[in-house]
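# Tertiary structure, described
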Amino acid sequence: MSRCIFCDIVSGGAEASLIHEDAYCSAFLDLYPITPGHALVIPRRHAVHLHELPQAERDHLFAVGYQVLEAQRSAGIGWAGANLFLNDGPASGQHVPHVHLHLLPRRQGDGRRTLIRFLARVASLFGRPCPRSELDELARRVRSGFSPPD
Ligand code: AMP
Ligand code: ZN
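This structure is a prediction, so every number in the text was calculated from the model and none was measured.

Quick notes on the rules
- Residues numbered from 1 in each chain as written.
- Chains lettered and ligands numbered in written order.
- Predicted model: local features only at pLDDT ≥ 70, side-chain atom pairs only at ≥ 80, totals over all residues.
- Heavy atoms only, no water.
- Donors = N, O, S within 2.8 Å, 3.2 Å for Na, K, Ca; no water.
- Tetrahedral: all angles 85-135°; square planar, octahedral: opposite > 155°, others 65-115°.
- Helix = DSSP H or I, 4+ residues; strand = E, 2+ residues; numbered from the N terminus.
- Buried < 20%, exposed > 50% of the residue type's maximum accessible area, 1.4 Å probe, protein only.
- Near = heavy atom within 4 Å.
- Polar contact = N/O pair within 3.5 Å; in protein donor to acceptor, adjacent residues only side chain to side chain.
- Areas by Shrake-Rupley, 256 points an atom, 1.4 Å probe, with all protein chains shown as cover.
- Pairing = 2+ DSSP bridges.
- Axes fitted to C-alpha atoms, helices over the stretch in contact; angles between N-to-C directions.
- Contact = heavy atoms within 4.5 Å.

Here the focus is the coordination of the zinc ion (ligand 2). Surrounding the zinc ion (ligand 2) are the protein donor atoms C4 (SG), C7 (SG), H46 (ND1) and H98 (ND1), which sit 2.0 to 2.3 Å from the metal. If you look at the zinc ion (ligand 2), its four donor atoms make angles of 104 to 119 degrees with each other, and the shape they trace is tetrahedral. For the zinc ion (ligand 2), the single-chain donor residues occur in sequence as C-x2-C-x38-H-x51-H. Here H46 is found in the loop between β3 (39-43) and α2 (55-73), whereas its partner H98 is found in the loop between β4 (81-85) and β5 (101-106), with 52 residues between them in sequence. Taking relative accessible area as the criterion, H46 reaches 40% and is therefore assigned partly exposed.

This paragraph deals with the site of ligand 1. In the neighbourhood of ligand 1, 19 residues make up the surrounding shell, with D30, H95, H100, H102 and R121 lying closest. Within the side chain of N87, a nitrogen or oxygen atom sits 2.8 Å from an oxygen atom of ligand 1. At 2.6 Å from an oxygen atom of ligand 1 is found a main-chain nitrogen or oxygen belonging to H95. Summarising the interface, the protein chains cover 93% of the accessible area of ligand 1, which totals 510 Å² for the free molecule. Contributions of two or more residues to the shell around ligand 1 are made by α1 (5-11) and β2 (25-29). Looking at which element gives the most residues to the shell around ligand 1, the answer is α1, with three residues.

The next point concerns the sheet that holds β2. Neighbouring strands of a sheet are bound in pairs by backbone hydrogen bonds; such pairs are parallel or else antiparallel. Taken together, the five strands give an open sheet; going across it, the order is β1-β2-β3-β5-β4, and neighbouring strands pair in antiparallel fashion. Two strands lie at the open edges of the sheet, namely β1 (18-21) and β4, each paired on one side alone. Taking the axes of each pair of neighbouring strands and ignoring which way they run, one obtains an average angle of 15 degrees across the sheet. Taken together, the five bridges between β4 and β5 define a ladder with antiparallel strand orientation. The residue bridging G81 from the neighbouring strand is R106, located in β5. Of the strands in this sheet, β1 and β2 are in contact with helix α4 (residues 132-144), which crosses β1 at around 50 degrees.

Worth remembering: the numbers are spatial, not functional.
What follows is the structure in structure tokens.
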């Protein structure tokens, strides 16, 4: 059986800098952030594609994603905008075969650096992981402004 790093995070078997957890999904910071504060929202259920999820869980994933965006916006990290994307399955360039919504906070003037890091990702170049202490501190700030969806 192949191991899924996101299932390991859900089960508590792998480390993550958590923003939110509930019965259906989990939100945490990306270990190889394209921009500082880059977050992922994943379903607790293992699924490679969005269409494998029950509709209620899919809807909940996006609702939590929006609340994470609001929390990033109020975290005092220079938020000026965001990129949201989801690679739906390996054919789309998905590296971790477990559904995840990316939320990338954007700052004024970060275009060039973000583009370079994004292109590196498309070429499967991840670079070094962000130190856990930095991720934990950032996650704490984002978490403090997080409200679950209604
Ligand atoms: P994708 O290319 O859409 O499959 O994105 C997978 C994302 O998972 C990438 O942005 C990786 O940096 C991120 N990632 C991989 N391993 C971990 C991990 N252990 N904790 C947090 N994020 C991870
Ligand atoms: Zn999984």
